[in-house]
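So the chains spell out like this:
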Amino acid sequence: MTPRPKMDQELVAINDKVTKMTEEVEKAIVDSIKAIKEKDMDLARAIIDNDEIIDDMDDEINEMCYMFLATQQPLASDLRYCISIMKMVTDLERIGDHCEDLAKYAVRMEREEYYKELIDLPRMADLAASMVKNAIRAFLDRDLKLARKVWRADEDVDELFRDIYEEQIGVAASDAKNARLSIMFAFVAAHLERIADYATNICEETVFSLEGAYSME
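Residues numbered from 1 in each chain as written. Predicted model: local features only at pLDDT ≥ 70, side-chain atom pairs only at ≥ 80, totals over all residues. Heavy atoms only, no water.

A. Highlighting the UniProt feature "domain: PhoU" (unreviewed entry) in the protein chain. Listed under "domain: PhoU" (unreviewed entry) in the UniProt record, and renumbered for this structure, are residues 18-105 and 121-205. Each end of residues 18-105 is marked by a C-alpha atom, and these two atoms are 28 Å apart; helix forms 94% of the span and strand 0%. Its end C-alpha atoms 27 Å apart, residues 121-205 is made of 93% helix and 0% strand. (UniProt positions renumbered as here; feature names shortened; annotations may be inferred. Helix = DSSP H or I, 4+ residues; strand = E, 2+ residues; numbered from the N terminus.)

B. Examining a negative patch on the surface more closely. On the surface, a cluster of negative charge is made up of Asp49, Glu52, Asp56, Asp59 and Glu63. Tracing the backbone through its elements, the reader meets Asp56 in helix H2 (residues 41-72). (Patch = residues over 30% accessible without salt bridge, like charges linked within 9 Å, V, L, I, M, F, W, Y side chains within 5 Å. Areas by Shrake-Rupley, 256 points an atom, 1.4 Å probe, with all protein chains shown as cover. Salt bridge = Lys/Arg side-chain N within 4 Å of Asp/Glu carboxyl O. Lys, Arg positive; Asp, Glu negative; His and termini not counted. Charge placed at Lys NZ, Arg CZ, Asp CG, Glu CD.)

C. Quick look at helix H6 (residues 179-211). The end-to-end C-alpha separation of H6 is 48 Å, in line with the 48 Å expected for 33 residues at 1.5 Å each. Among the 33 residues that make up H6, 24 are buried, leaving the element largely enclosed by the rest of the structure. Downstream of H6 by one or two residues, Gly212 has phi in the positive range, about 80 degrees. (Expected span 1.5 Å × (residues − 1). Buried < 20%, exposed > 50% of the residue type's maximum accessible area, 1.4 Å probe, protein only.)

D. Layout of a positive patch on the surface. On the surface, Lys133, Arg137, Lys145, Lys149 and Arg152 cluster together into a positively charged patch. Mapped by element, the contributors of at least two residues to the positive patch are helix H4 (120-141) and helix H5 (144-174). Among the elements that line the positive patch, the one with the most residues is H5, at 3 residues. Position of Arg152 relative to the elements: it lies in helix H5.

E. Expanded view of the packing of H2 against helix H3 (residues 76-108). The N-to-C vectors of H2 and H3 enclose an angle of 165 degrees; their axes lie 9 Å apart at closest approach. The pairing of H2 with H3 is recorded here as roughly antiparallel in orientation. The two elements H2 and H3 meet at a crossing, and its hand is left-handed. Classifying every residue of the contact of H2 with H3 by side-chain character gives 20 nonpolar, 3 polar and 8 charged. (Axes fitted to C-alpha atoms, helices over the stretch in contact; angles between N-to-C directions. Parallel < 35°, antiparallel > 145°, perpendicular 65-115°, else oblique. Left-handed = near helix turned anticlockwise from the far one by under 90°. Nonpolar A, V, L, I, M, F, W, Y, C, P; charged D, E, K, R; others polar.)

F. Molecular detail of the pattern of salt bridges. One pass over the full model with this rule turns up 9 salt bridges. With its nearest N and O atoms 3.6 Å apart, the salt bridge here joins Lys6 to Glu10. You can see Lys6 and its partner Glu10 sitting in helix H1 (residues 4-38), 4 residues apart, about one turn around the helix. Look at Lys6 and you get partly exposed, because its relative accessible area is 39%.

See below:
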């Protein structure tokens, strides 16, 4: 049987990579909305280009996990932990894809004249980014209380999404001049709502890895 210190050393290395990937993804969420709000095309294009880095991190972490499973043959909680990491980094990679899509919206909106100051979308982005950061922290720290707290926070994002969506659909229906832009704002909000959903997936994986069941109550 592989000595426990060796297994722990490899898990620490994997966790470090997950932390770095999370930092990249969290930054991409915040920056994508900043690019939209400030019409910063350089930032938007940097996010689009950086998605490849996030994809590479996903591949690297999965390879590390495959090697861990093959060489360490973990049992019980260690096995669940490694499998959960593989699922989580897939979620992080998909969040990165959403950020790339948001950056592309920034490019499309470059020449649009905004009919209102963007307040709720950046707020929604901050909430989603915080959920992702804390969901990963809960997993790495094995903090069930934090995982369930983050999972419940999705209700705040959902409520904000509904408010934004209804407002933008109302604009689209009543203001032909701004209909195209309002629909794009609604899609931006939908991307952020989906990002928050991925954070809840990560929280569920935390509970599964520690308790062996997907129970959030």
